[in-house]
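# Per-entry structural report
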Amino acid sequence: MADLKLLYRELVSLEIELWNGIEGRLKAEYDLPLTSFEVLHLLSRRPGQRIQDIAEEFSITVGGTSKVVDRLESAGFCARRANPNDRRSSIVELTPEGRKLVDGALKAFEDELELRIGSVIPTESVREVTAVLSTLRSAGRALDAERKAAGQASAPGARAPK
């Protein structure tokens, strides 16, 4: 169990330090929080997302997502339009100002990733770590779905099969 605790601590610490480092650069160069960048970047890659789609992509609440989009919309970086397939929801799209911002910020984001990860470990290790983390996330989502279906919030002491 000690190795799992150490792995947990390293993953959480890395996530926090990586987030803070990238966000610091985006704020310094573009006055852009990382959360806002992530939403803008998603909209540039996959136009026509609903608030629900964005929330699911980042595993955050619809309310929290709506607040981020509200701020981006107020700043003129995105706009909502009626969803032609569902009158109860809106489609969020980048404005020309939002596209310009995300295109510039993307370069800083990629440069910071290269400095913090790419220059430290080889490409093959990046692929391997990515695959392992993807497997862990998939297993965690499956476990959460099982527990939800069973009406459980959590199962102390229960472990996913290896």
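Refer to the preceding data block for the structure.
So, here is what we can say about the structure in this document. (Residues numbered from 1 in each chain as written. Predicted model: local features only at pLDDT ≥ 70, side-chain atom pairs only at ≥ 80, totals over all residues. Heavy atoms only, no water.)

## Focus on the overall build of the protein
The number of helices and strands found in the protein is 6 helices and 2 strands. Reading the protein from its N terminus to its C terminus gives the helix and strand order α-α-α-α-β-β-α-α. For the protein, the C-alpha atoms occupy an extent of roughly 50 × 45 × 25 Å along the three principal directions. The buried share among the 162 residues of the protein stands at 24%. Long-range pairs, those at least 24 residues apart, make up 46% of the contacts in the protein with a sequence separation of at least 6. If you sum the accessible surface of the protein, you get close to 11,100 Å²; carbon and sulfur atoms cover 56% of it. Here the protein contributes 24 positive and 25 negative side-chain charges, whose respective centroids are spaced 5 Å apart. (Helix = DSSP H or I, 4+ residues; strand = E, 2+ residues; numbered from the N terminus. Buried < 20%, exposed > 50% of the residue type's maximum accessible area, 1.4 Å probe, protein only. Contact = heavy atoms within 4.5 Å. Areas by Shrake-Rupley, 256 points an atom, 1.4 Å probe, with all protein chains shown as cover. Lys, Arg positive; Asp, Glu negative; His and termini not counted. Charge placed at Lys NZ, Arg CZ, Asp CG, Glu CD.)

## Structural notes on helix α5 (residues 96-118)
The end-to-end C-alpha distance of α5, which contains 23 residues, comes to 31 Å, matching closely the 33 Å that a straight helix rising 1.5 Å per residue would cover. Within the span of α5, buried status applies to G98, L101, V102, G104, A105, A108, F109 and E112. Looking at the buried positions of α5, the neighbouring elements they touch are α1 (2-30), α2 (34-45) and β2 (90-94). (Expected span 1.5 Å × (residues − 1).)

## With respect to the environment of K148
As for its placement among the helices and strands, K148 is situated in helix α6 (residues 123-149). Considered as a pair, K148 and E38 are 110 residues apart in the sequence and their alpha carbons are 28 Å apart.

## Some words on unusual backbone geometry
One non-glycine residue, D31, lies in the positive phi region at around 50 degrees. Its location among the elements puts D31 in the loop between α1 and α2. Overall, D31 belongs to the exposed group, its relative accessible area being 65%. Here S59, not a glycine, exhibits a phi torsion of approximately 55 degrees, which is positive. Residue S59 is classed as exposed on the basis of its relative accessible area of 59%.

## Examining α2
In this model α2 runs 16 Å from its N-terminal to its C-terminal C-alpha over 12 residues, within 8% of the 16 Å that 1.5 Å per residue would give. Burial of α2 is extensive: 9 of the 12 residues sit out of reach of the surface. All of the buried residues along α2 are L34, S36, F37, V39, L40, H41, L42, L43 and S44. Residues of α2 that are buried in the fold lie against α1, α3 (51-58), α4 (62-74), β1 (78-82), β2 and α5.

## A word on the packing of α1 against α2
Relative to each other, α1 and α2 sit at 80 degrees, their axes nearing to 9 Å. As summarised for this structure, α1 and α2 are arranged roughly perpendicular, according to the angle between their axes. Note on element contacts: α2 touches α1 through L34, T35 and F37, opposite W19, I22, E23 and L26. Of the residues assigned to the contact of α1 with α2, the class counts are 5 nonpolar, 1 polar and 1 charged. (Axes fitted to C-alpha atoms, helices over the stretch in contact; angles between N-to-C directions. Parallel < 35°, antiparallel > 145°, perpendicular 65-115°, else oblique. Nonpolar A, V, L, I, M, F, W, Y, C, P; charged D, E, K, R; others polar.)

## A word on the pattern of salt bridges
It is possible for side chains of opposite charge to pair when their charged atoms get near one another. Evaluation of the coordinates by the stated rule reveals 12 salt bridges. Residues E112 and R25 are paired through a salt bridge, measuring 2.9 Å at the closest nitrogen-oxygen approach. Here E112 is found in helix α5, whereas its partner R25 is found in helix α1, with 87 residues between them in sequence. Classification of E112 as buried rests on a relative accessible area of 10%. In this structure, the salt-bridge partner of R127 is E124, at a minimum N-O distance of 3.3 Å. With a gap of 3 residues between them, R127 and E124 both fall in helix α6, about one helical turn apart. A relative accessible area of 51% means that R127 is categorised as exposed. (Salt bridge = Lys/Arg side-chain N within 4 Å of Asp/Glu carboxyl O.)

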